[in-house]
Structure formats: structure tokens, C-alpha cells
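Architecture at a glance
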Amino acid sequence: MSQSPSTSSRLRLLVLSNGHGEDIIAVRILQAFQEQANPPEIFALPLVGEGHAYQNLGIPLIGSVRTMPSGGFIYMDNRQLMRDVRGGLVQLTLSQIQAMRRWVSSQKKSGKSAGILAVGDIVPLLFAYFSGANYAFVGTAKSEYYVQDETGLLPRKSKSARWENFSGSIYHPWERWLMSRRRCRAVFPRDALTTQILKQWPIPAVDVGNPMMDGLAPSFGMQRFYTVDTQQKELARPLVVTLLPGSRPPEAYNNWQVILEVVSALLASFQERDAVGHTSGNVVFLAAIAPSLDTSQLTSSLQVQGWRPHTESPISLPDANTLIFKQRNAYLLISQQAYNDCLHLGDVAIAMAGTATEQFVGLGKPAIAIPGQGPQYNYAFAEAQSRLLGESLILIEQPAQAAKVMRSLLQNPDSLQVIAENGLRRMGQPGAARRIADCLAERLVLKSKK
């Protein structure tokens, strides 16, 4: 619905983000903005990739976009950075800075106020600073949990690891300088611990939670109260293991092969009496597969390992195209349209993914991770993620180790309770996108009118 000049917001908001995951987080915040009574006019400039998430929401892009060879993972490997430089990264960055500054200038000439929302790491934050406009920052890339927890600094093997926290925070002095400028109206760290640390400096840090936990509601109602037969139903249901191979081809296909090795090790273990811990004796593996992946490349591997197509399953997913396979008392379901349900139904995850692993843990569940060959989910990434998520993420080196870890988890309810509390604390409650939008409406919009 169009707004009249008298009621429309004077603010025009430009969103900067540098990665597919950051685009998704930004879009969640923008959707919350659009639900407000008097939302700003919104534009976007994705610094990495082509910004499909913005285009799907009908948000106009103001500058050049291009997918770089690294896919946005240049921080994992210097070789990836050099590939991007050869692919035109420098020229693209300069043209994006020029497009942003032209956009800000044009808003001022038209009598509008320009505000910048930077989502990601220091790159969009730097862009926001150089824009000359008021800005806010959603820090998705860094957390104090990478270097410490509530009890103190984490032990690290590498001497170079001290560099990460040399100034008392995971955010370095130059990053804190950018966040403490007068034009920086709000900073939204990804967790309460990081917010607490940043507040030691004159940084407008606000703890509102993590937008990564938004938009994950399942298709079924969540039971909030225990009934007389709850425990009986819990024991009678199948054990559900969620499989998260990641979303980027060809890496996801390679991860799938590793995950199937873990599945085979678990199946061998589950043949032993009482290994599953549920009286039904059934095990259901739920594979949450990105729509961009080709399922035929996944199913061919299943057939080789003895899985056969089946028509029924102990679990129903809201996806008419769910592929069902069976082997003995185990089922394996592949779905590309029931991501949220796959997260909520899982008791444990076998994970080789970035965002999906963190979301699963944020629901209070344990994940078993095994490093792949990358470029994303390699050992360096997985080890860092294990620090970020603490005891909720159990890192193994070989697929055969998963059976021992699974048995330990299922036989230790006290440990599961600690893991549940840890995941909720590190990832936060749902609703962060709306809280960020509300805060920006107060800090960014109103102050831009002065």
C-alpha cells in the first residue's frame, strides 16, 4: 500500500550485507520493518553474491552485484581471497562504495534522511562509516564465545589465537572505534556475553537476541505442558536424527558422503539392545536438504548403502515430495521443503553446516559435527564453531566415533538438560528481528530527523 507524503517516513534505509546468510538475516529485519505502521523506504546493496533474498522480497538493489569465486568465504583461506581479487573484487568494491555514496547524496538532495544498516562483519561496517550517514550494525560474524565463556578465557593450542582477544574483546580496537562513532546509533551483537563485553566502551550495544533464531516455527503445535502419558509417548516414539550437510554445491554433496558414513556407524550401533533408548526400536533420519541441491545425487548413494525406497514412515513431514527410504528398522527421509520441522523433530543432529547447525543448537539440542574438506565446513570452521556453541556441539574426527557420542548423550539426561540451557543462552530467544526493527525505528529514524 502506498503512503501519502504526509504520513510516509522521511527515512530511507540502505541495507549492506556480505554473504548469503547475512542477506537472510537482513531480510528478516526488513520484513519486521515492513510490518510497522510507518516503515522507511528500503534499499539494499549486497556486497557478496547477487542478493536473491532481497529481490525475492521486492527490495531494489542500488549497485553492482556479482558472485565471487570464493562464495564469500575469503576469510577462511588466503587462496580464496586471491581468486576473488583476480575475479574483479577490487573493482567491484570500488563501484559499490561509489554507488552507496551516490545513493546517500541523492537522498539528501531530495530532502530525505539516509540511514545505513550494516549486517555482517567489518566490511559492511566500514562501508557504513564511509557513507557519511547515520548507521547501525548487526554483528553476525563475531562472538565472545569464540574466545571465552562465562567462566573465563578458553584454552587454545595456537599461540596466534591470543591475537583474537589481545585487546580484551573479540572485536578489535579499530572495529570498536567504528562502533563508537557518533553516527553509529546502535550495535546489535549476536549474544548477551558479547553485548556485555562491548559495553565496557562507549558503544551503543543492545542485547535483543539473534535473528538467526527467527522464522523457525514448525508446522505442528509445540506441547508446552506435560500430561500423564507424556513419558510413555516419549519412550514409544522413534529416535530422530537430523542430517545437515550444508547448502553449497559441490561441498554439500561431499559432506553427504561423510554423513552417510556416520549413519552407517550409528545403524551398526543401534542393532545392539537398548542402544536407541526408545521402546519403538525405530530410528528416523531426517535429511534437511537445500532446494538448490539435486536430490538424485544424494539418493544414488543411499541405494549403494542398502537403503530402499519406501512408502510409509513413522514421521510425517509437510512436504508432499518427501523421499522415504528404509533399511531394517531405520527410515531415512529427504525433504527440501520442511526445514523447520526437520530441526524441531530432531533429537540430535549430524551436522556439517554453518547456520543450520547453530539454529539446531539454538533450539536446545545437541549436534555431532565432523569436519569436511571445505571451503566452508573444514576443520578450522568446525573447531571455531565448537567454541562458539560450547558443549552443545560435539566435534568428532572419524565417523565411527559418532556411535559412542550418541550413546553417551542418550544415556545422560542431565547432560542433555545442560546442553539445552547452553544452546538457548548462546543463540537467544526468537523475535530478535522485530526487536531490532523497533529499536532502529526509535534510534535511527527519530535521530535522523534532527
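The chain is annotated in an unreviewed UniProt entry as Lipid A disaccharide synthetase related enzyme of Nostoc cycadae WK-1.

Section: the pattern of salt bridges
Under the counting rule described, the total for this entry stands at 10 salt bridges. When the shortest N-O distance is used, the salt bridge between Arg387 and Glu164 registers 3.9 Å. Remark: Glu164 occurs in the loop between strand E6 (152–153) and helix H6 (173–179) and Arg387 occurs in helix H13 (residues 379–389); sequence separation between them is 223 residues. Looking at Arg387, the relative accessible area reads 11%, which means it is buried. For Glu358, the salt bridge identified is with Arg190, shortest N-O distance 2.9 Å. Here Glu358, found in helix H12 (residues 355–362), pairs with Arg190, found in the loop between strand E7 (184–188) and helix H7 (192–198); they are 168 residues apart in sequence, far enough to count as distant.

Looking at the environment of Arg248
By the element assignment, Arg248 lies in the loop between strand E8 (239–244) and helix H9 (251–270). A sequence separation of 128 residues divides Arg248 from Gln376, and the C-alpha atoms of the two residues are 8.8 Å apart.

Observations concerning the sheet that holds strand E3 (residues 113–120)
Pairing between sheet strands relies on hydrogen bonds along the backbone, with the strands arranged either parallel or antiparallel. The parallel open sheet is built from 5 strands, whose spatial order is E2-E1-E3-E4-E7. What marks the edges here is a single partner per strand, and that holds for strand E2 (41–46) and E7. If you compare each strand with its neighbour and ignore which way they point, the axes differ by 15° on average. Relative to strand E4 (residues 134–139), E3 is paired through 6 bridges, and the arrangement is parallel. The residue of E4 that forms the bridge with Ile116 is Tyr135. Sitting on the sheet, helix H1 (residues 20–34) touches strand E1 (11–17), E2, E3 and E4, and the angle it makes with E1 is about 160°. Contacts between helix H5 (residues 122–131) and the sheet are confined to E1, E3 and E4, with E3 contributing the most and set at about 165° to the helix.

Re the sheet that holds strand E14 (residues 367–369)
Taken in spatial order, the 8 strands make up an open sheet running E10-E11-E12-E9-E8-E13-E14-E15, and their pairing is mixed. In the strand order of this sheet, the two ends are held by strand E10 (308–309) and strand E15 (393–395), each with one partner. Pairing of E10 with strand E11 (residues 323–327), which is carried by 2 bridges, proceeds in the antiparallel orientation. Residue Arg308 lies in a different strand from E11, and its bridge partner there is Lys326.

A look at H5
Regarding H5, the residues found buried are Pro124, Leu125, Phe127, Ala128 and Ser131. Buried positions in H5, seen along its axis, are confined to an arc of 160° and lie on one side of it. A distance of 3.0 Å separates the backbone nitrogen of Val123 from a side-chain oxygen at the start of H5, and that oxygen is part of Asp121.

Topic: the packing of aromatic side chains
Applying the stated criterion across every chain yields a total of 8 aromatic pairs. A ring pair is formed by Tyr129 and Phe130, whose centres lie 5.4 Å apart and whose planes are at 65°; its orientation type is edge-to-face. Three or more aromatic residues link up through ring pairs in this structure, and these residues are Tyr129, Phe130 and Trp177. Between the NZ or CZ atom of Arg176 and the centre of the ring of Trp201, over which it lies, the distance is 3.8 Å.

Thresholds applied
- Residues numbered from 1 in each chain as written.
- Predicted model: local features only at pLDDT ≥ 70, side-chain atom pairs only at ≥ 80, totals over all residues.
- Heavy atoms only, no water.
- Salt bridge = Lys/Arg side-chain N within 4 Å of Asp/Glu carboxyl O.
- Helix = DSSP H or I, 4+ residues; strand = E, 2+ residues; numbered from the N terminus.
- Buried < 20%, exposed > 50% of the residue type's maximum accessible area, 1.4 Å probe, protein only.
- Pairing = 2+ DSSP bridges.
- Axes fitted to C-alpha atoms, helices over the stretch in contact; angles between N-to-C directions.
- Contact = heavy atoms within 4.5 Å.
- Arc of directions from axis to C-beta.
- Polar contact = N/O pair within 3.5 Å; in protein donor to acceptor, adjacent residues only side chain to side chain.
- Phe/Tyr/Trp six-rings, centres within 6.5 Å; stacked < 30°, edge-to-face > 60°.
- Lys NZ or Arg CZ within 6 Å of the ring centre and 35° of its normal.

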